Amino acid sequence: MTFKTSDAYGRRRLLILAATGIASGLYPLMGRTDSDEGGHESESTGKQTGTTSPVVGIAASGPTGKVVVIGGGMAGASVAKYLRLWGGANLQVTLVEPDASYTSSIMSNLAVTGARTVDSLKFSLSNLTSRYGVVRKTASLQSIDPVGKTVKLSDNSTLAYDRLVLAPGVEFDDAYGLTQQDYTSTMPHAWRAGAQTTRLQQQVAGMVNGDVFVMTIPKSPYRCPPGPYERACVVADFLKTRKGSACKVLVLDQNAAIQAEAGTFTKAFTVTHAGVVDYQSGVTDIQINPNTRAVSYLDKAGVRQQVSARVVNPIPPHRATGSAAGGWMSAAGLANGTNGRWAKVNVLSYESTAVAGIHIIGDASECGLPKAGHVGNQEAKICADAIVRLLSSQQPDPAPVANSACFSPITASTASWLTAVYQYDPKTLTMKIATSGGQIIGGTPTESNAISSKNFRQMDTWFKTLMGDTFS
Ligand SMILES: Cc1cc2nc3c(=O)[nH]c(=O)nc-3n(C[C@H](O)[C@H](O)[C@H](O)COP(=O)(O)OP(=O)(O)OC[C@H]3O[C@@H](n4cnc5c(N)ncnc54)[C@H](O)[C@@H]3O)c2cc1C
């Protein structure tokens, strides 16, 4: 299929196709490794010494310009791909990402119980080059010069840009008395899938009947609103079926109530996993001893409680990567969201509200949409479309639409789901939930009315479709 740069209808249609799961043949590429591909920058000059190879299906027309994308995760890979598809071959797109392949956090709770392998969550970035002509740099962003419009990378090279897209995901606070070293070695949060997911899986597999698994949930906003509750469910299911019904999953939620799919998870905690999950909301002052695994906290009534855990899974508060004091995002003046932890954007283009020419998508942005991979993929498409228009001296689409679906496994064979369609509301300049007729209504997403094996099968199709749309 060839996409014309000017075909705005085609762009919208493709966004909808991806959203409704019509795309097919989309499977993870397991165990593949990649190296740098395409053009490379000469040290400190910002000049391209290589060229993007011609790619079948990418029209040699459209606006000229250089776009640099930071981060090859859900949002970054999507924006790089769609910039080339919609922008054409005259648009030079360079993706900066330190890892050769991406490990999906989506579905990673099933890797915590051993129902999936971490390898099955790996997606190669090589299609972005071979199919779409994205130039890749295996490096990390170190600093941004918004005036000179350049970025400095960990390999000491400098890239020049006309538009910069940041999709670096999140970084995690030292919290509850723990350090980054504790998370990596003994108490994995596993809130970004990878080595910590494997470590947590091994710890859970080593539990015996009567053991206690303690997990913490930070205050919103955090990555994947239903994710922690989903983890509590699948771990409870694993423990009671494999280790014995005397196991306990203690959920210490710092929020006043369940943050997503409240009906489903209330039922899951009180019926499906009754007697195993102990859900505590409104918890404060959590303290974790990394050596003894003793956990203490103030319960909702303000009474100090103590528990001795076999496995502790502390999900710490997180923030946009680079937004901490001294980080590259804050140094560039981009961390202007709530408490300086996120980057505020205009949701018509995802351009920073603080610094011109820089767009922030995915979990790092503050835009009113939930921090989720499906949402990151949609934000990427709105951003790609806006950049192509801006580089063509046009204005961004004034009425973007995005959707989000999220499936949550509740047991090893059943799941629930949550979905919403969002539409731009010109009165509040935000994305609001809309009906299928396009009427803006605000409100909350729709959740499934049952926890079922049919949902579990559909979850698999949804995941393959989303990952295929992002990485294939
Ligand atoms: C357990 C769990 C379950 C989840 N389930 C779902 C679900 O069912 N549905 C859903 O939609 N979402 C789900 N999510 C959320 C989803 O994974 C995230 O919202 C999504 O990954 C965010 O995409 P992103 O591109 O912003 O960040 P990421 O996907 O984390 O990608 C960020 C990328 O940026 C790179 N990077 C970081 N710093 C730099 C730098 N300085 N230079 C260059 N590159 C850099 C990283 O290496 C990484 O590849 C889940 C998350 C978890 C933890």
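Note that this is a predicted model, so its numbers are computed, not measured.

Conventions and cut-offs
Numbering of residues begins from 1 in every chain and follows the order in which that chain's sequence is written. Per-residue local features of the predicted model are confined to residues with pLDDT of at least 70, and side-chain atom pairs are confined, for both listing and counting, to 80 or more; whole-chain, interface and lining totals are unaffected and use all residues. Note that water and hydrogens are dropped before the side-chain values are worked out from all heavy atoms of the structure. Salt bridge criterion: a side-chain nitrogen from Lys or Arg within 4 Å of a carboxyl oxygen from Asp or Glu. Only DSSP runs of H or I with at least four residues qualify as helices, and only runs of E with at least two residues qualify as strands; both kinds are numbered from the N terminus onward. Burial status follows relative accessibility: with a 1.4 Å probe on protein chains alone, a residue under 20% of its type maximum counts as buried, one over 50% as exposed, and anything between as partly exposed. Throughout this document, a residue counts as near a molecule or strand when at least one of its heavy atoms sits within 4 Å of that molecule or strand. Polar contact is defined as a pair of N or O atoms within 3.5 Å, subject to the rule that within protein one atom must be able to donate a hydrogen and the other to accept it, and that residues adjacent in sequence are counted only when both atoms are side-chain atoms. To be clear on the numbers: accessible area is Shrake-Rupley with a 1.4 Å probe, and residue cover counts the displayed protein chains and nothing else. The nonpolar class holds Ala, Val, Leu, Ile, Met, Phe, Trp, Tyr, Cys and Pro. Asp, Glu, Lys and Arg form the charged class, and all remaining residues, Gly among them, are polar. Residue ranges for the domains trace back to a domain assignment, done automatically or taken from a database. Nonpolar cores were defined as sets of buried Ala, Val, Leu, Ile, Met, Phe, Trp, Tyr and Cys residues, with membership established by side-chain atoms within 4.5 Å. Only heavy atoms enter the contact rule, under which two residues are in contact if any of them lie within 4.5 Å. By convention, a stacked pair of Phe, Tyr or Trp rings (six-membered ring in the case of Trp) has centres within 6.5 Å and planes under 30 degrees apart, an edge-to-face pair has planes over 60 apart, and any other such pair is tilted. Should the NZ of a Lys or the CZ of an Arg lie within 6 Å of a ring centre and within 35 degrees of the ring normal, that charge is described as sitting over the ring. At least two bridges found by DSSP between two strands are what make those strands a pair. Directions are taken from the helix axis to each C-beta atom, and the arc is the one they span. Angles here are taken between N-to-C directions and fall from 0 to 180 degrees, while the axes themselves are lines fitted to C-alpha atoms, restricted in helices to the stretch in contact. Values of pLDDT, the confidence the predictor places in each residue, fall between 0 and 100. For the charge count, each Lys or Arg is scored as positive and each Asp or Glu as negative, with His and the chain ends excluded. With the strands aimed away from the viewer, a crossover counts as right-handed if its path from the first strand over the helix to the second runs clockwise.

Overview of the pattern of salt bridges
For the coordinates displayed, the defined rule picks out 12 salt bridges. Notably, a salt bridge pairs Lys381 with Asp469, separated by 2.6 Å at the nearest N-O pair. Here the residue Lys381 occupies a position in helix H10 (residues 373–391), and Asp469 occupies one in helix H11 (residues 453–471), the gap between them amounting to 88 residues. Classification of Lys381 by relative accessible area gives buried; the value is 1%.

Let's talk about the site of the ligand
Around the ligand, 35 residues are found, and the nearest of them are Glu97, Tyr102, Arg223, Asp363 and His374. In this structure, Ala167 approaches the ligand through a main-chain N or O atom, which is 3.4 Å from an oxygen atom. In the environment of the ligand, an oxygen atom lies 3.0 Å from a nitrogen or oxygen atom belonging to the side chain of Arg192. For the ligand, the protein covers 96% of the area, taking 1,000 Å² as the surface of the free molecule. When grouped by side-chain class, the residues that make up the shell around the ligand number 18 nonpolar, 11 polar and six charged. For the shell around the ligand, the two domains that each supply at least three residues are domain 1 (8–171 + 319–471) and domain 2 (174–316).

What about the nonpolar core?
Generally speaking, nonpolar side chains in soluble globular proteins are found buried as a group. Membership of the largest hydrophobic core comes to 115 residues, with the highest contact counts inside it found for Leu83, Ile144, Leu166, Phe213 and Val249. Ranked by residue count, the leading element in this core is helix H2 (residues 74–87), at nine residues. When residues of this core are sorted by domain, at least three fall in each of domain 1 (8–171 + 319–471) and domain 2 (174–316). Non-local contacts of Val249, meaning those with residues more than four positions away in its chain, are made with Phe213, Ala232, Val235, Ala236, Leu239, Val276, Val277 and Asp278. In terms of nonpolar packing, the next biggest core, distinct from the first, is built from 17 residues, Val283, Ile288, Val295 and Ala309 among them.

A word on the packing of aromatic side chains
For any pair of aromatic rings, the description consists of the separation of the ring centres together with the inter-plane angle of the planes. Evaluated as defined, the whole model comprises 10 aromatic pairs. Each ring, one from Phe123 and one from Phe463, has its centre 6.0 Å from the other, and the planes form 80°; the classification is edge-to-face. Of this pair, Phe123 sits in strand S4 (residues 122–124) while Phe463 is found in helix H11, placing the two residues 340 residues apart along the sequence. Pair check on accessibility: Phe123 and Phe463 agree, each one buried. An angle of 40° between the planes, with centres 5.6 Å apart, marks the rings of Tyr229 and Phe265 as tilted. Of this pair, Tyr229 sits in helix H7 (residues 227–242) while Phe265 sits in helix H8 (residues 262–272); the two residues are 36 residues apart in sequence, bridging distant segments of the chain. Judged by relative accessible area, which is 0%, Tyr229 ranks as buried. Aromatic rings pair up to connect Tyr102, Phe123, Phe463 and Phe471 into one cluster. We note Lys371 situated over the ring of Trp342; from NZ or CZ to the ring centre the distance is 3.9 Å.

Quick word on unusual backbone geometry
Residue Ser220 is joined to Pro221 through a cis peptide bond whose omega torsion reads 5°. You can see Pro221 is positioned in the loop between strand S11 (212–217) and H7. One non-glycine residue with positive phi stands out, namely Met107, at about 75°. Tracing the backbone through its elements, the reader meets Met107 in the loop between strand S3 (101–103) and helix H3 (108–112). Of note, the phi angle at Ala190 is positive, near 55°, even though the residue is not glycine. Locating Ala190 in the fold gives a position in the loop between helix H5 (180–185) and helix H6 (195–205). Taking relative accessible area as the criterion, Ala190 reaches 1% and is therefore assigned buried.

Here we look at the pairing of strand S6 (residues 141–145)
The side chains of a regular strand alternate, residue by residue, between the two faces of the sheet. In the sheet, S6 pairs with strand S7 (residues 150–153) via four bridges, with the strands oriented antiparallel. Within S7, the residue paired with Leu141 across the bridge is Leu153.

A word on H6
Along H6, the positions that sit buried rather than exposed are Gln196, Thr197, Leu200 and Val204. Burial along H6 is one-sided: seen end-on, the buried residues are contained in an arc of 100°. Of the exposed residues in H6, the ones pointing more than 90 degrees away from its buried face are Ala195 and Gln202. Those residues of H6 that are buried lie in contact with H3, H5, S11, H7 and strand S17 (311–314).

Points about the sheet that holds strand S8 (residues 158–160)
With antiparallel pairing, the three strands of this open sheet are ordered in space as S6-S7-S8. Looking at strand neighbours, the two that pair on one side only are S6 and S8, the edges of this open sheet. This sheet shows a mean twist of 20° between the axes of neighbouring strands, independent of strand direction.

Quick word on the confidence of the model for the protein chain
On average, the protein chain scores 89 in pLDDT, and the residues at 70 or more come to 88%. Predicted confidence for residues 1–6 stays below pLDDT 50, and this span has 16 contacts to residues more than four positions away or in other chains. pLDDT under 50 marks residues 16–54. Its contacts with residues more than four places away, or in other chains, come to 78 contacts.

A closer look at the side chain of Arg231
When you line up the elements, Arg231 lands in helix H7. Buried within the structure, Arg231 lacks any salt-bridge partner; Glu230 is the closest side chain of opposite charge, at an N-O distance of 7.4 Å. Ignoring sequence-local partners within four residues, the contact set of Arg231 consists of Asn109, Val112, His189, Ala190, Trp191, Leu200, Met215, Asn313 and Ile315.

Some points on the pairing of S11
The buried fraction of S11 is high, at six of six residues. Of the two faces of S11, the one holding Val212, Val214 and Thr216 and the one holding Phe213, Met215 and Ile217 are both buried throughout. Here S11 runs beside strand S12 (residues 248–253); their pairing, made up of six bridges, is parallel. Paired with Phe213 across the two strands is Val249, which belongs to S12. In this fold, S11 hands off to H7, which returns the chain to S12; that crossover is right-handed. As paired strands, S11 and S17 are joined by four bridges and run parallel to one another. In the sheet register, Met215 faces S17, and the bridge partner there is Asn313.

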